[in-house]
Amino acid sequence: MEGKVIVVTSGKGGVGKTTATSSIGAALALEGKRVAIVDMDIGLRNLDVVMGLENRIVFNIVDVVQGKCKVDQAAIRDRRIDNLFLIPASQSDNKDVLTPAGVERMAKVLRQKFDYVIMDSPAGIERGFENSVVSANEAVVICTPDVSAVRDADRVIGLLYARSLEPKLIVNRIEPARVERGEMLSYKDVLDILSIELVGLVPMDEKVLISSNTGTPLVLQNDSTAGQSFRRIAKRLNGETIPIEVPNLKPSVWTKLGKTFGLK
Amino acid sequence: MLQEFLKRFTGQKRSSDEAKQRLQFSLIYDKLELNDTTLTDLQTDIVDVISKYFEIDKDALELKVKNDKQVSALVFNTPILNVKRKRE
Ligand SMILES: Nc1ncnc2c1ncn2[C@@H]1O[C@H](COP(=O)(O)OP(=O)(O)OP(=O)(O)O)[C@@H](O)[C@H]1O
Ligand SMILES: [Mg+2]
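Residues numbered from 1 in each chain as written. Chains lettered and ligands numbered in written order. Predicted model: local features only at pLDDT ≥ 70, side-chain atom pairs only at ≥ 80, totals over all residues. Heavy atoms only, no water.

## Quick word on the packing of aromatic side chains
Residues and elements named next belong to chain A.
Right, on to step 1. Per the stated rule, a full pass over the model turns up one aromatic pair over all chains.
Right, on to step 2. Seen from their ring centres, Phe85 and Phe114 are 5.5 Å apart, and the 65° between their planes marks the pair as edge-to-face. One end of the pair, Phe85, is in strand 4 (residues 84-87); the other, Phe114, is in the loop between helix 5 (100-113) and strand 5 (116-120), and 29 residues separate them in sequence. The same class applies to Phe85 and to Phe114, which are both buried. (Phe/Tyr/Trp six-rings, centres within 6.5 Å; stacked < 30°, edge-to-face > 60°. Helix = DSSP H or I, 4+ residues; strand = E, 2+ residues; numbered from the N terminus. Buried < 20%, exposed > 50% of the residue type's maximum accessible area, 1.4 Å probe, protein only.)

Dropping the structure here:
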C-alpha cells in the first residue's frame, strides 16, 4: 500500500512546526509505522539538531531531488526509535533550488518506502511552502493563541483549501492560567475563528526546550505534557478516535495539601 | 481567582475577548481585499444583470467594498435613467 504524505505548516514562523513534525513523526514510529521526516526548510535546517542527528548527515534533500543520491542514502536512521528516518535540508543552497515538480518526483519514491512522510514546511507562503504542500495528501496547520499566528493560519488554511486539502488544526503553547485570566485566547476562541477540524491541543511545556537542547525525542518523556499531547495527536492522525484533552491548570498547592490531608 | 474577580468588579475588559473580536473583523476584511480583476469582472456581471431591468448610466456607477468597525458591505451605486418595460 502507498504511504501518506502529511505537511505541517503555519504561515507564521516560530509557532512550533519543527517541534510538532519531529514529535508526531517519532510518535507514529512508536505506533509501529515506518516514518520519514523531511526538512523542507532549505537554508535554515533545524530538524537534524532538534532530533539529535546532526553528526550523521551525508546527503540532503537537494541531493535527492537533483539525482545525486538515492533516498536510502540520504535518509538518516534514528537509533533510539525504530523505523524513524530523517531526510535533512541542505544548509548552503538557496531556498529556490527546489521546484514543486522535483519534490513531487521524490515524494513518489518516498510513498513506496514509508507509511508516513511528514514534511516540515518553512514559515511563509512562498516557494518553500509550495514545495512542502505539492505532494501532500493531508495537511496539519499549527498556530499559537495569539492574533498574528491565528490570522496567518487563516490565510494558510485558505491556500490549502484552494489545493483541495482539508487541513486539521493544532493549537500549541496553550497556557491555561492565562486563558483563565482572560489574557490569552482559549482554544475555543481559536476554533470559532478558524472553523476547521481540531486534531489536538498542546500546552506550553518547559520540557520542549530541554529536549531540543539534548536532541532527545520529546515523546519518549513521560513527564512531558506536550510530548504526551503529540503522542495522542499521532494516534488521531493514524485513524484512532480518542477524545481531545484540554490543557488545564495544575492543582494548586492548597488543593494538593487538602488531598494529602484527606480533605475534599 | 481574586485577580479575575477584581477585574470583573472594576469592569475591566478581558484582553482575550478583544483579541477575538478584532480577529473576527480583520479576517473578513482580509478576504474582502479583492484584486482589481475580480472587482472589474464583478462590475461587468452586475451591469449586465441590472441592464435587463433598468437603463443605467454606466459611466457614473461605482462599486466599492466598505468596511467599518461593525460590518463590511459591498456597495453598488448607480443612477437609474429609465425603467425598462417588461416583455413577456
Ligand atoms: N509547546 C511548547 N512549549 C514550550 N516551548 C515550545 C512549544 N512548542 C514550541 N516551543 C518552542 O518554540 C520555539 C519555536 O519552535 P519551532 O522551532 O518548533 O517553531 P517553527 O514553527 O518550526 O519555527 P520556524 O518557523 O522558524 O521554522 C522553539 O524554541 C521551541 O522549543
Ligand atoms: Mg521550523
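There's plenty left to go through after this.
## Quick word on the site of ligand 1
Residue and element names in this part refer to chain A.
Right, on to step 1. Taken together, the neighbourhood of ligand 1 is formed by 16 residues, with Lys17, Thr18, Thr19, Asn172 and Arg173 sitting nearest.
Right, on to step 2. At 2.9 Å, a backbone N or O of Gly14 approaches an oxygen atom of ligand 1.
Right, on to step 3. Here an oxygen atom of ligand 1 sits 2.6 Å away from a polar atom, N or O, in the side chain of Thr19.
Right, on to step 4. Burial of ligand 1 by the surrounding chains reaches 78%, relative to a free accessible area of 630 Å².
Right, on to step 5. No other element matches helix 1 (residues 17-30), which puts three residues into the shell around ligand 1.
Right, on to step 6. Residue composition of the shell around ligand 1, by class: six nonpolar, six polar and four charged. (Near = heavy atom within 4 Å. Polar contact = N/O pair within 3.5 Å; in protein donor to acceptor, adjacent residues only side chain to side chain. Areas by Shrake-Rupley, 256 points an atom, 1.4 Å probe, with all protein chains shown as cover. Nonpolar A, V, L, I, M, F, W, Y, C, P; charged D, E, K, R; others polar.)

## Re the packing of helix 7 (residues 147-161) of chain A against helix 2 (residues 15-31) of chain B
Right, on to step 1. Put simply, helix 7 of chain A and helix 2 of chain B touch, their axes get as near as 10 Å, and they point 30° apart. Crossing hand, helix 7 of chain A versus helix 2 of chain B: right-handed. Across from Val147, Val150, Arg151 and Asp154 of chain A in helix 7 of chain A, the residues of helix 2 of chain B making contact are Ala19, Leu23, Ser26, Leu27, Asp30 and Lys31 of chain B.
Right, on to step 2. The class makeup of the residues in the contact of helix 7 of chain A with helix 2 of chain B is five nonpolar, one polar and four charged. (Axes fitted to C-alpha atoms, helices over the stretch in contact; angles between N-to-C directions. Left-handed = near helix turned anticlockwise from the far one by under 90°. Contact = heavy atoms within 4.5 Å.)

## Concerning the interface of chain A and chain B
Right, on to step 1. Listed by partner, the interface residues are 14 residues for chain A and 14 residues for chain B.
Right, on to step 2. Here chain A and chain B share three salt bridges between them.
Right, on to step 3. For Lys20 of chain B, the salt bridge identified is with Asp192 of chain A, shortest N-O distance 2.7 Å.
Right, on to step 4. Counting the contacts that link chain A with chain B gives five residue pairs in polar contact (both at pLDDT 80 or more).
Right, on to step 5. Sorting the residues of the side of chain A that touches chain B by element identifies helix 7, helix 8 (176-180) and helix 9 (187-194) of chain A as the ones contributing at least two each.
Right, on to step 6. In terms of residue count, the dominant contributor to the side of chain A that touches chain B is helix 7 of chain A (four residues).
Right, on to step 7. The residue inventory of the side of chain A that touches chain B, partitioned by class, reads six nonpolar, one polar and seven charged. (Salt bridge = Lys/Arg side-chain N within 4 Å of Asp/Glu carboxyl O.)

## What to know about the pairing of strand 2 (residues 35-39) of chain A
Right, on to step 1. When you tally the buried positions in strand 2 of chain A, you get five out of five residues, the bulk of the element.
Right, on to step 2. Across the two faces of strand 2 of chain A the burial is the same, with Val35, Ile37 and Asp39 of chain A and Ala36 and Val38 of chain A all buried.

## Here's the deal with the pattern of salt bridges
Right, on to step 1. Taken as a whole, this structure holds 15 salt bridges over all chains when the rule is applied.
Right, on to step 2. For Asp30 of chain B, the salt bridge is made with Arg151 of chain A, and the minimal N-O distance between the two is 2.8 Å. A residue pair is termed interchain when its members come from two chains, as with Asp30 of chain B in helix 2 and Arg151 of chain A in helix 7.
Right, on to step 3. The partly exposed category is assigned to Asp30 of chain B, whose relative accessible area is 27%.
Right, on to step 4. A salt bridge links Asp223 of chain A to Lys207 of chain A; the shortest N-O distance between them is 3.6 Å. One end of the pair, Asp223 of chain A, is in the loop between helix 10 (206-214) and helix 11 (225-237); the other, Lys207 of chain A, is in helix 10, and 16 residues separate them in sequence.
Right, on to step 5. According to the relative accessible area criterion, Asp223 of chain A is exposed, its value standing at 51%.
Right, on to step 6. With a relative accessible area of 24%, Lys207 of chain A lands in the partly exposed category.

## Some words on the nonpolar core
Right, on to step 1. Judged by nonpolar contacts, the single largest core of 84 residues is most densely connected at Ile24, Val38, Ile61, Leu169 and Leu194 of chain A.
Right, on to step 2. When neighbours within four sequence positions are excluded, Val38 of chain A is seen to be in contact with Leu47, Ile61, Ile87, Met106, Leu110, Val117, Ile118, Met119 and Asp120 of chain A. (Core = buried A, V, L, I, M, F, W, Y, C linked by side-chain atoms within 4.5 Å.)

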